[in-house]
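Letter by letter, the chains look like this.
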Amino acid sequence: MSKAVTVRAQKLRRDNTKLRLYIFLALVAALLLAALFSMRLAPYDPYLQNLDKAMQPPSASHIMGTDHHGRDMFSRVLVGGRTSIFATLALVAAISVFGTLVGTLCGYYGGRVDSVVMRISDICLAFPGLVFAMAVAALLNGGIGNAVLALAVVSWPKYSRVARGQTLAIKAGDFISAAKLAGSSSAQVIIRHILPNILGPILVTAMLDIGTMMMELAGLSFLGLGAVPPTAEWGNMMSSGRSMLQMYPWVVLSPGIGIFITVVLFNLLGDTVRDYMDPRNSRSG
Amino acid sequence: MEPILEVKNLTKIFQKRGKKDFVAVDHVSFQLFPGEILGVVGESGSGKSTVAKLVTRLIDATEGTIAVNGRDITHAKGAALRDIYVDMQMVFQNPAGSFDPRRTLGDGISESLKNHGVSKEERRKRVVGLLERCGLSKEFADRYPYEVSGGQCQRAAIARALAIGPKILICDEATSALDVTVQKQILELLQFLQKADGLSYIFICHNLALVQMFCDRVLVLYDGKVVESGTPDKVILSPQSEYTRCLVDAVL
């Protein structure tokens, strides 16, 4: 009786998680589509200057107002979102794939290479990420591509840590021994049995990392180390508007809202994916 | 008769920095003959499972040699090592943990066949045959390890071990995690398969009564050393070493 009740409660919770997952996936998909087609969705040319209309507050024709060059803020936020979101996604995709590969190989083979690589990642983790990224970005000069590269250099160790720990735990399992006894080579063991089993935690880490990375990328742009004006990007839009915050707050708040909504949405999706992947929530439940 | 498996002076020393070396297996020698069931008994930590891992080359020996059919496999690597697993397979203690949680039992059973280039349809056919031999219906091929009971999972594990047609089966506490009635069924299955295929077993177990019932010959392991060997009746009824006497007394 009580068991049946628990099973039902689990099932309900699972359905709930599934529903949440679909809702957030749909919202994120909408956001991505908006970013993808931002040039067509934008009501005005985001780069067209019109000094007659500079610094207009939000109104029916300019729902987020205009900036000091008279450019429509809503169009700029939309187009800036494309740069911010896709640069972030490319960054997270690159570091999660690279970090996972390095971590898995280190965990599986161990030995001296493992020690060396893990010390390197310790060094990366010992510095505050953004400070280190600023140094690297400054070294590489500005530009959104270089900002992504700088963040990638300092952020991959997180993934290699997760992947290595998971690999070590799974490697000790009997099913890995059984796979070896079935005549699978090391590459086959890694591809068939280790990677699929560590994918969950990696995916969750990546989903939760999107928000952080977006903020750090915007931070670098804010400091002038990322996207260079006039390219619309949320970080540098906030940066160029910061002196006008008191008089014309919409110039700073509009891209801020863009960052806020996107980060919250990706974090909520990350949380939901984590709940969904929770083994207590697994197919047996 | 030539032994199918011959182990000489097998030694495993675990070394850890800052700690004293730990001798898990200390100059163990034994032979396994075709069609024989060799029991290995001993308390927890006596090195039974380490012997199993050494013989299957899942870990490397510090010293000693292992030969299968007269071929030295102590240092075999890569393809040569994978060749050995055609003759030698293992059944693990924890049935559920010995299958990949993300793959079906059928996938697990047919992995060795896949690695040897057997086609998909042929694999499917053979999996059904193997499952039936081990007392499971064909539906189990599509189940996941957590969807079946311990006894069913262990039957699937035996099916997997037999898939490639080995001559030696190493059962590392294969019945210990199961309850008594299921234990008996698994033993009967192993006995049936042994008679039908003329397999040789190394049956690692801590249960003396099981060993007496099931094995032709028995090794008693204590502190990594073989302290006694012989037929189960001889070892159990007139134990020579102090440790075996303790072990027998503990049961009776």
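Each residue is numbered by its place in its chain's sequence as written, counting from 1. Each chain gets a letter, beginning with A, and each ligand a number, beginning with 1, in the order they are written. Residue-level local features of this predicted model are given only where pLDDT is at least 70; pairs of side-chain atoms are given and counted only at 80 or more, and the full residue set underlies all totals for whole chains, interfaces and linings. Heavy atoms from the whole structure form the basis of all side-chain values; hydrogens and water molecules are not counted.

Trainee: Give me the confidence of the model for chain A: which residues, what numbers.
Mentor: pLDDT expresses how confident the predictor is about each individual residue, on a scale running from 0 to 100. On average, residues of chain A carry a pLDDT of 88, and 93% of them reach 70 or more. Per-element mean pLDDT across chain A ranges from 82 in helix α1 (residues 2–36) of chain A up to 95 in helix α7 (residues 174–181) of chain A. Put simply, DSSP marks the helices as runs of H or I at least four residues long and the strands as runs of E at least two long, and each gets a number from the N terminus on.

Trainee: Can you tell me about the layout of surface pockets, naming the residues and giving the values?
Mentor: With a 1 Å grid laid over protein atoms only, a set of points is called a cavity when a 1.4 Å probe fits there but cannot get out and a pocket when it is open yet has protein on both sides within 12 Å along at least five of seven lines; lining residues have an atom within 4 Å of a point. Grid points are joined across faces, edges and corners, and a volume is the space filled by probe spheres set on the points. Its volume calculated, the largest pocket comes out at about 640 Å³. In terms of lining residues, the largest pocket is bounded by 21 residues, among which Lys180 and Ser186 of chain A together with Arg57, Leu58 and Leu81 of chain B are the most central. Secondary-structure elements contributing two or more residues to the lining of the largest pocket are α3 (73–109) of chain A together with α2 (78–84) of chain B. Split into classes, the residues belonging to the lining of the largest pocket amount to eight nonpolar, seven polar and six charged. Gly falls in the polar group here, along with every residue not listed as nonpolar (Ala, Val, Leu, Ile, Met, Phe, Trp, Tyr, Cys, Pro) or charged (Asp, Glu, Lys, Arg).

Trainee: Outline the pattern of salt bridges, listing residues and values.
Mentor: By definition, a salt bridge exists where a carboxyl oxygen of Asp or Glu is found within 4 Å of a side-chain nitrogen of Lys or Arg. This model, assessed by the stated rule, comprises 20 salt bridges over all chains. Among the salt bridges present, the one from arginine 71 of chain A reaches aspartate 67 of chain A, with a minimum N-O distance of 3.1 Å. For the exposure calls, accessible area comes from a 1.4 Å probe over protein chains only, and a residue counts as buried if that area is under 20% of its type's maximum, exposed if over 50%, partly exposed in between. Overall, arginine 71 of chain A belongs to the buried group, its relative accessible area being 7%. Here glutamate 188 of chain B ties to lysine 184 of chain B by a salt bridge, and the two come within 3.2 Å at their closest N and O atoms. Pair noted here: glutamate 188 of chain B and lysine 184 of chain B are both in helix α6 (residues 180–197), with a separation of four residues, about one helical turn. Under the relative-accessibility criterion, glutamate 188 of chain B is labelled partly exposed at 42%. Salt bridges sharing partners connect three or more residues here, namely Asp67, Arg71 and Arg76 of chain A.

Trainee: Tell me what's going on with the interface of chain B and chain A, and back it up with residues and numbers.
Mentor: In this complex, chain B contributes 23 residues to the contact, which on the side of chain A involves 18 residues. A salt bridge links arginine 192 of chain A to glutamate 111 of chain B; the shortest N-O distance between them is 3.1 Å. We call two N or O atoms a polar contact when they sit within 3.5 Å, provided that within protein one can donate a hydrogen and the other can accept it, with sequence-adjacent residues counted only if both atoms are side-chain atoms. Summed over the shared surface of chain B and chain A, the result is 13 residue pairs in polar contact (both at pLDDT 80 or more). Broken down by secondary-structure element, the contributors of at least two residues to the side of chain B that touches chain A are β6 (88–91) and α3 (105–115) of chain B. Of the residues belonging to the side of chain B that touches chain A, the class tally is nine nonpolar, seven polar and seven charged. Two residues form a contact once any of their heavy atoms are found within 4.5 Å.

Trainee: Can you lay out empty space enclosed by the protein for me, pointing to particular residues and giving the numbers?
Mentor: According to the stated counting rule, one finds two cavities of 30 Å³ or more in the structure shown. Taken as a whole, the largest cavity encloses approximately 90 Å³ of empty space. Those elements that place two or more of their residues in the lining of the largest cavity are α7 of chain A together with α3 of chain B. A per-class count over the lining of the largest cavity returns four nonpolar, four polar and five charged. Its boundaries defined by the atoms lining it, the second largest cavity holds a volume of some 50 Å³. If you trace the second largest cavity, you find it lined by Asp67, His68, Arg71, Met73, Arg76, Met237, Ser240, Gly241, Met244 and Val251 of chain A. For the lining of the second largest cavity, the elements supplying multiple residues, two or more each, are α3 and α9 (234–241) of chain A.

Trainee: A description of the packing of helix α4 (residues 111–126) of chain A against helix α6 (residues 144–171) of chain A should follow, citing residues and the corresponding values.
Mentor: All names here are of chain A. Axis definition: a line fitted to C-alpha atoms, limited for helices to the stretch in contact. Angles are taken between N-to-C directions and run from 0 to 180 degrees. Relative to each other, α4 and α6 sit at 130 degrees, their axes nearing to 8 Å. On the basis of their axis angle, the class for α4 and α6 is oblique. Where α4 crosses over α6, the two elements pack in a sense that is left-handed. Here Asp114, Val117, Met118, Arg119, Ile120, Ser121, Asp122, Cys124 and Leu125 of α4 come into contact with α6, specifically with Val153, Val154, Trp156, Pro157, Lys158, Ser160, Arg161 and Arg164. Here the contact of α4 with α6 is composed, by residue class, of nine nonpolar, two polar and six charged. Angles below 35 degrees are treated as roughly parallel, those above 145 as roughly antiparallel, those between 65 and 115 as roughly perpendicular, and all remaining angles as oblique. Here a crossing is called left-handed whenever its near helix is offset anticlockwise from the far helix by less than a right angle, and right-handed whenever the offset is clockwise.

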